Amino acid sequence: MRIFNTMTGRKEDFIPLSKDRTGMYACGVTVYDYSHIGHARSAVVFDVIKRYLKYKGLDVKYVRNFTDIDDKIIRRAHEEGISWDAVAKKYIDEYYIDMDRLGVARADIEPKATDHIQEMIEVIKTLIGKGYAYEVPEGENKSVYFFVEKFPEYGKLSKKDLKDLLSGARVDVDERKHSPADFALWKASKKGEPWWESPWGKGRPGWHIECTAMAIKHLGESIDIHGGGADLIFPHHENEIAQSEAYTGKTFARYWVHNGFITVDKEKMSKSLGNFFTIREILDKYDPEVVRLFILSSHYRSPIEFSNEQLRDAESSLDRYYSTTERINEFLSHPLDVRAKAKKSAEQGTELEAMLDNFKDRFEEAMDDDFNAAMAIGHVFELVREINRFLDSKPSGDTSKLLLEKAKATLNSAGSILNLFGRTPGQWNIDLLASKGIPLTRTDIEQKIDDRRIARQDKDWALADTIRKELEEKGVLLEDKKSGTTWKVKIA
RNA sequence: GGCGGCGUACCCAAGUGGCUAAGGGAGAGGUCUGCAAAACCUCGAUUCAGCGGUUCGAAUCCGCUCGUCGCCUCCA
């Protein structure tokens, strides 16, 4: 298995520190608002990475944190007139609602910054003791800063030269700091701000220190995989490395994995630009699985341009998938269909069989290559096409049945790794009625189908077509088959 | 200004040294169908931003140019 490591800028063979356990840490969200689709991407990507590592037989311990104290949370609390911890709690709850819908599993441990104040204080004390950090008085209390120049490797992840950073005019000039690049480990409390008791008086932790403290506590001093959005490379992860490695003297994380951004009109989606869409806004219009497929259809490091067109593409793909599983199910429930063209189906069967035989290898090959889910999904759709081709050849008999059962099982196991394709086709369509806001229930539709069946029996094509047209106008398509008429929601 | 990424058909997108450049969507023609829909078949990049170079051989490696995005400040 190969993973692209931001630290070295290339794909490397993945060798966990310990054969029995893989430690993985991903930076989660700061809970001061609803999450947007960019947060969703990060969560989905690391969810899939975790699932895949587990599938490969590694015992993964996955930690994803919540930053539940910071300036934005405090500001939000003032705006909403509630306490900072109420803000944090509210948006953690909302985060879970979104993630559950997107099929993102809980991490094994989901620590909160404010539950690790003591651990952070311990780290900071040690850093001061080793000369990597210094105190700065601020009124009655003190702040603590990391002394960047004491850590010669600073900049190794983001490939920045400290000299360039220092000459850059965009870093805050703060007289209390030895160097503009120094960053806060501990912030002295200002009036009206939440605070914790510490050796430096009342204060609160800086942003980066929480990940150091929590990662080390839950995963040990060296972890295998550390990830997050690409925007965290600098300064957040750079600072984490400085703190952690200064503290332990060991390599903090061995593989740095960063997901790309979601863009809108080619620009990074972000809160400050205001060009963001919240997860739930999108889920008002699209099925969560569509969003998940949309995310996983691009490689995790590539930028994804967000657009309705893209989402619709994903929706059609998914519909194609479920239409095929519907066909498989139909065949399996009527296995003794006409024995026409049996010869041809035998030929077709060999191709399907060949594809099924090497499917697992090809799927794993894709995922082994830096978690190339886009390619793995491509293989799934190749298989879908081959299944359709086979089904079109009017197969019959037990061999065909066995083959399609195998096909179904293969699709299922691929899907379960990605946590995709998990529904029945019927459920997919029922859910689509809801996500597209179609004011019809399954019973309504089945009633119409029955009316139409009678009309068709009477060869009243005009009435039959009218019923079909009425449903189509509402967004429901009817498909006439030998075994009867089925319905599905119209895409696009 | 510094550093890094990206540029593959109408759109999205995989491919990172060698058989016919995955897959999806849109489009055109066909099969099937009472008519449709779905599905399938056929067609569609002699070519991978441009120009040089390395190599028996490059979309894939190197250099330059152009375009574009990101980071350098809170950010998934």
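In case you missed it, the structure is sitting above this.
Reference entry: report on the structure contained in this document. What you see is a predicted model, and the numbers here were worked out from it, not measured in a lab.

In this section: unusual backbone geometry. Between Phe234 and Pro235 the backbone carries a cis peptide bond, its omega angle lying at 0 degrees. Tracing the sequence through the fold places Pro235 in helix α7 (residues 233–248). Unusually for a residue other than glycine, Lys394 sits at a positive phi of about 50 degrees. Among the secondary structure elements, Lys394 is positioned in the loop between α12 (373–392) and α13 (397–418). Lys394 sits in the partly exposed class, given 17 other C-beta atoms within 10 Å. Of note in this structure, Asn419 is not a glycine but carries a positive phi near 55 degrees. Position of Asn419 relative to the elements: it lies in the loop between α13 and α14 (425–435).

What follows is about the nonpolar core. Residues Val44, Val48, Ile124, Leu127, Ala133, Phe146 and Leu185 are the most contacted members of the largest nonpolar core, which totals 130 residues. The element best represented in this core is helix α1 (residues 37–55), accounting for 10 residues. When near neighbours in sequence (up to four residues on either side) are disregarded, Leu185 contacts Ile124, Leu127, Ala133, Val144, Tyr145, Phe146, Gly206 and Ile209.

Since the α-helix packs 3.6 residues into each turn, any two residues three or four apart lie on the same face. Relative to the 32 Å expected for 22 residues at 1.5 Å per residue, α13 spans 32 Å between its end C-alpha atoms, a close match to the ideal helical length. Within α13 the residues assigned to the buried category are Ser400, Leu403, Leu404, Ala407, Leu411, Ala414 and Leu418. Each buried residue of α13 sits inside an arc of 95 degrees when the element is viewed along its axis, so together they form one side. Those residues of α13 that are exposed and angled more than 90 degrees off the buried face are Asp398, Ala409 and Asn412. Backbone geometry just downstream of α13 places Asn419 in the positive-phi region, at approximately 55 degrees.

Conventions used here
Residues numbered from 1 in each chain as written. Chains lettered and ligands numbered in written order. Predicted model: local features only at pLDDT ≥ 70, side-chain atom pairs only at ≥ 80, totals over all residues. Helix = DSSP H or I, 4+ residues; strand = E, 2+ residues; numbered from the N terminus. Buried ≥ 20, exposed ≤ 12 C-beta atoms within 10 Å, placed from the backbone. Core = buried A, V, L, I, M, F, W, Y, C linked by C-beta atoms within 7 Å. Contact = placed C-beta atoms within 7 Å. Expected span 1.5 Å × (residues − 1). Arc of directions from axis to C-beta.

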